[in-house]
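These are the residues of each chain, in order.
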Amino acid sequence: MPQKTKYIFVTGGVTSSLGKGIISSSLAKLLQSRGYSVTIQKLDPYINVDPGTLNPYEHGECFVTEDGAETDLDLGHYERFLNVHTTQANNVTTGRIYQSVINKERRGEYLGKTVQVIPHITDEIKRRIKLVGTKQKLDVVITEIGGTVGDIESLPYIEAVRQLKYELGPTNSAFIHLTLVPYLAASGELKTKPTQHSVKILLENGIQPDVLVLRTEHPLTEDIRRKVALFCNVNLNAVIESIDVSTIYEVPLLMLKEKLDITILQKLDLPVGPTPELKAWKQFIAKLKDSKSTVKVGLVGKYIELPDAYKSIMEALIHAGASNQCKVDITPIHSEEIDLGNVAQKLEGMNGILVAPGFGHRGIEGKILAVQHARENKIPFFGICLGMQCSVIEFSRNVLGFADANSTEMTRNTAHPVIDLMEDQKGISDKGGTMRLGAYPCSLAEGSNAFAAYKVSEIQERHRHRYELNNAFLDALQAKGMKATGINPDTGLVEIIEIPEHPWFVGVQFHPEYKSTVVNPHPLFVNFIKAVKNGVSSK
Ligand code: GLN
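Residues numbered from 1 in each chain as written. Predicted model: local features only at pLDDT ≥ 70, side-chain atom pairs only at ≥ 80, totals over all residues. Heavy atoms only, no water.

(A) Spotlight on the environment of Asp223. Locating Asp223 in the fold gives a position in helix H8 (residues 222-232). Separated by 254 residues in the primary sequence, Asp223 and Leu477 place their C-alpha atoms 69 Å from one another. (Helix = DSSP H or I, 4+ residues; strand = E, 2+ residues; numbered from the N terminus.)

Dropping the structure here:
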């Protein structure tokens, strides 16, 4: 194993959304399976200190780590592929970099100096890149730079990485550039010019990439590979094809076939060792592809127009499907479009209903109607965060008879605030990083669906919320059949509610989706899909 940490930098060119996160995760998976300890870091060029204040429509889901960092959704891919936890240090934004430099300046740490992008901002970027590897004592750190080369906002990152590459020396870092090779249907040709231009931009910035990963809809011919190698100054074996596949989980196998890991290990002067078997990974893909039965799950949310807003939930459902040997057909349903007259029709044919997390009152009544439909028709129901809160509101209105029951997030004028702001949130006005975030413990009631899923009585799950079930109403809810089956042992906060009379009705205040990985599908998702599957076969 290497004496010191080696660094791999990943940039993207030509267009955004080429899948840098998936390529980084796939390479990390391959290096991990060859015995190297590895993590991935994402550098985001926007000025928000973290993505926690972003609307999901802007950048998709906000992923939450064990240590309570609100991060880019790519960290979700890293965790799902690698089955290791990431931390705040794994996601750094321009806002965070500037914030620390400005704080230092105010403390007088640069006293007498003019504080500038170069060297102060670039030094802070370099410090943050190195911090992950040294702190966690890793063999390899893969640092992915968000955005597209050529963007003004990425420039300090590119310059920082250029300096690092030089400082670390030739065998201690490798540079991967991901581009697109478009296919022109009219002439039936793959085009390499955008890749050449993209590499030119890197060269203008002083960087010669070591490896090019070419995203393509059609296989690259030998000719194309040679052309790219010749015009972009890379070895032929460093031109890697990344062809479209039906599931992202196939990408590590594709990269193995293309020998991306070997090319990188050789560049880093690290032993290659035997080819990894990836047995568990292949079994997972086989189950994904060969599953004969299909179940339909309605995903009721308010950010449905952008599927990335529910990335971790969708992936957790896929993991749970594979583990139950069935395909999960996810139908996104916009909660704003659900009303009393159409709820049955909107949810028709759904074997299971998942009501998603969210913020603010828009679309909330549709979510509540969806819960009622699932509860009354005994359709397996899974409510996450706001989804759980909606199930408490629904039960309070329709079973306890509190017609005005609501969350104080939606209305302050209710005699029945069944969901209310947490006590320690009451004095907080700042919005960034101030929610109840990260892992907290929860004790499970024996005999509950939650206990049956986890098979232990103490768990830790990740959170991101300001409101909670108002314990003043707990007795009333329990008396009528909605039970608190998961409680925070330190604070008494209700973490899980269930309706034992129902085939499977579970609402959780936390976000189980963040912890589902390929190797460890999340037990609640697995049992939800199991209940959905049972419901289908008993019909
Ligand atoms: N808006 C709710 C709260 O703040 C739910 C949050 C969520 O779904 N993540 O408590």
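Having seen the structure, we can now continue with the description.
(B) Structural detail: the pairing of strand S11 (residues 239-243). The buried fraction of S11 is high, at 5 of 5 residues. Covered by surrounding structure in S11 are Val239, Glu241 and Ile243 together with Ile240 and Ser242, the residues of both alternating faces. Here strand S10 (residues 211-216) runs beside S11; their pairing, made up of 5 bridges, is parallel. Looking at S11, one finds that Arg215 is bridged to Ser242. Taken together, S10, H8 and S11 constitute a β-α-β crossover, and its handedness is right-handed. (Buried < 20%, exposed > 50% of the residue type's maximum accessible area, 1.4 Å probe, protein only. Pairing = 2+ DSSP bridges. Right-handed = clockwise from strand over helix to strand, strands pointing away.)

(C) Representation of the nonpolar core. Ile8, Ile142, Ile176, Leu260 and Ile264 are the most contacted members of the largest nonpolar core, which has 58 residues in total. Top contributing element to this core by residue count: helix H1 (residues 20-33), with 6 residues. Apart from the residues lying within four places of it in its own chain, the contact partners of Ile8 are Leu27, Leu31, Val140, Val141, Ile142, Thr143, Ala174, Ile176, Ile264 and Leu268. (Core = buried A, V, L, I, M, F, W, Y, C linked by side-chain atoms within 4.5 Å. Contact = heavy atoms within 4.5 Å.)

(D) Structural view of the sheet that holds strand S17 (residues 417-421). Strand order in the open sheet formed by 3 strands is S16-S17-S20, and the pairing between neighbours is mixed. Sheet topology places strand S16 (406-407) and strand S20 (467-469) at the edges, where each strand pairs with a single neighbour. For S16 and S17, the ladder comprises 2 bridges, and the chain directions are parallel. By the bridge assignment, Ser407 is partnered in S17 with Ile419. Relative to the sheet, helix H15 (residues 386-398) contacts S16, S17 and S20, its axis offset from that of S17 by approximately 150°. (Axes fitted to C-alpha atoms, helices over the stretch in contact; angles between N-to-C directions.)

(E) Up close: the pattern of salt bridges. In this structure the tally under the stated criterion is 35 salt bridges. One continuous salt-bridge network, built from bridges that share partners, spans Lys42, Asp44, Asp72, Asp74 and Glu144. (Salt bridge = Lys/Arg side-chain N within 4 Å of Asp/Glu carboxyl O.)

(F) Seen up close, the site of the ligand. Around the ligand, the surrounding shell consists of Pro357, Gly358, Phe359, Cys385, Leu386, Gln389, Glu409, Arg464, His465, Arg466, Tyr467 and His511. The contact in question runs from an oxygen atom of the ligand to an N or O atom on the backbone of Leu386, over 3.0 Å. Take His511: an N or O atom from its side chain is 3.2 Å from a nitrogen atom of the ligand. Contact with the protein chains hides 99% of the accessible area of the ligand, taken as 300 Å² for the molecule alone. Going through the elements one at a time, H15 and strand S19 (458-465) are the ones with two or more residues in the shell around the ligand. When its residues are assigned to classes, the shell around the ligand shows 5 nonpolar, 4 polar and 3 charged. (Near = heavy atom within 4 Å. Polar contact = N/O pair within 3.5 Å; in protein donor to acceptor, adjacent residues only side chain to side chain. Areas by Shrake-Rupley, 256 points an atom, 1.4 Å probe, with all protein chains shown as cover. Nonpolar A, V, L, I, M, F, W, Y, C, P; charged D, E, K, R; others polar.)

Note that every value here comes from positions in space, so none of it alone points to a role or purpose.
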